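Coordinates in review
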Amino acid sequence: MTQRLLRLWERPLDGDAEAAFREVYADPVRVNGALLPVSGLVERARALHTAYEGRVTELVDEIETPGRLVVGFRMRARHTGPLQTPLGTVPPTGREVVIRVTDILTVEDGMITDIWMVADELGLLLQLDAVRAAEGVR
């Protein structure tokens, strides 16, 4: 399931992207406690494709148990489009970035029904010079 999931987010979204996402995700799916329709996942995927070029995903670790899949990965890409963040929109910088992500997925009947996703957003914002570390902090 992990490779299928990663390919879904990596490939360009053409044709019926929602149908492709519905093959993997329940509709709606709970993301960090809030229900999100598959169309919302597709919007998030499109935003990633708009913000980054040359995306490569490196699987760091995965743990699978009945009903649960935990995936840790690094996404490497060039920041070439506007990026929506909790601090506002970061304009394209052209910089290469590495984003560390951990997804904790609940799987029922072969479908992802619940996602707890944690990404190193602060690390990303520092790489893009969208925030600066406090004086003396390294």
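What counts as what
- Residues numbered from 1 in each chain as written.
- Predicted model: local features only at pLDDT ≥ 70, side-chain atom pairs only at ≥ 80, totals over all residues.
- Heavy atoms only, no water.
- Helix = DSSP H or I, 4+ residues; strand = E, 2+ residues; numbered from the N terminus.
- Rg over C-alpha atoms; globule rule 2.2 N^0.38 Å.
- Buried < 20%, exposed > 50% of the residue type's maximum accessible area, 1.4 Å probe, protein only.
- Contact = heavy atoms within 4.5 Å.
- Arc of directions from axis to C-beta.
- Polar contact = N/O pair within 3.5 Å; in protein donor to acceptor, adjacent residues only side chain to side chain.
- Pairing = 2+ DSSP bridges.
- Salt bridge = Lys/Arg side-chain N within 4 Å of Asp/Glu carboxyl O.
- Expected span 1.5 Å × (residues − 1).

The next thing to look at is the overall build of the chain. Counting secondary structure elements, the chain contains four helices and eight strands. Starting at the N terminus and ending at the C terminus, the chain contains elements arranged as α-α-β-β-α-β-β-β-β-β-β-α. For the chain, whose C-alpha radius of gyration is 16 Å, the value lies close to the compact-globule estimate of 14 Å for 138 residues. For the chain, the spread of C-alpha atoms along the three principal axes comes to 50 × 35 × 25 Å. Within the chain, buried positions represent 36% of all 138 residues. A separation of at least 24 residues holds for 53% of the contacts in the chain among residues at least 6 apart in sequence.

Let's shift gears to helix α1 (residues 2-10). By the burial criterion, the buried members of α1 are Thr2, Leu5, Leu6, Leu8 and Trp9. Seen end-on, α1 carries its buried residues on one side only, within an arc spanning 155°.

Topologically, Glu18 is positioned in helix α2 (residues 17-22). Of the residues examined, Glu18 reaches a relative accessible area of 29% and is grouped as partly exposed. Along the chain, Glu18 and Val38 lie 20 residues apart, while their C-alpha atoms are 6.4 Å from each other.

On to the side chain of His79. On the secondary structure map, His79 appears in strand β4 (residues 68-79). Of note is the side chain of His79, whose polar atom sits 3.0 Å from the side chain of Thr93. When sequence neighbours within four positions are dropped, the list of residues in contact with His79 reads Ala51, Tyr52, Val90, Pro91, Pro92, Thr93, Gly94, Arg95 and Leu128.

A few words on the pairing of strand β1 (residues 25-31). Bridge analysis of β1 against strand β8 (residues 111-119) gives three bridges, and the strand direction is parallel. Its bridge partner lying in β8, Arg30 is registered against Asp114. When β1 meets strand β2 (residues 34-36), the two strands line up antiparallel, connected through three bridges. Across the sheet, the residue bridging to Arg30 is Leu35, located in β2.

This part takes up the environment of Arg100. Inspection of the secondary structure puts Arg100 in strand β7 (residues 96-108). Residue Arg100 is classed as partly exposed on the basis of its relative accessible area of 41%. Spatially, the C-alpha atom of Arg100 lies 19 Å from that of Gly81, the residues being 19 residues apart in sequence. Dropping the residues within four chain positions of it, Arg100 is found in contact with Phe73, Arg74, Val118, Ala119 and Asp120. Reaching out from Arg100, the side chain makes a polar contact with the side chain of Asp120 at a distance of 2.8 Å.

Side chains carrying opposite charge are able to pair once their charged atoms draw close together. This structure, assessed with the given rule, holds eight salt bridges. One salt bridge in this structure joins Arg132 and Asp129, with 3.3 Å as the shortest N-O distance. Asp129 gets classed as partly exposed once you look at its relative accessible area, which sits at 39%. Connected through shared salt-bridge partners, Glu18, Arg22 and Asp27 make up one network.

To continue, consider helix α3 (residues 38-51). Side chains of residues three or four places apart in an α-helix project in the same direction, reflecting 3.6 residues per turn. Helix length check: α3 (14 residues) gives 20 Å between terminal C-alpha atoms against 20 Å at 1.5 Å per residue, within 8%. Burial in α3 covers these residues: Val38, Gly40, Leu41, Val42, Ala45 and Ala51.

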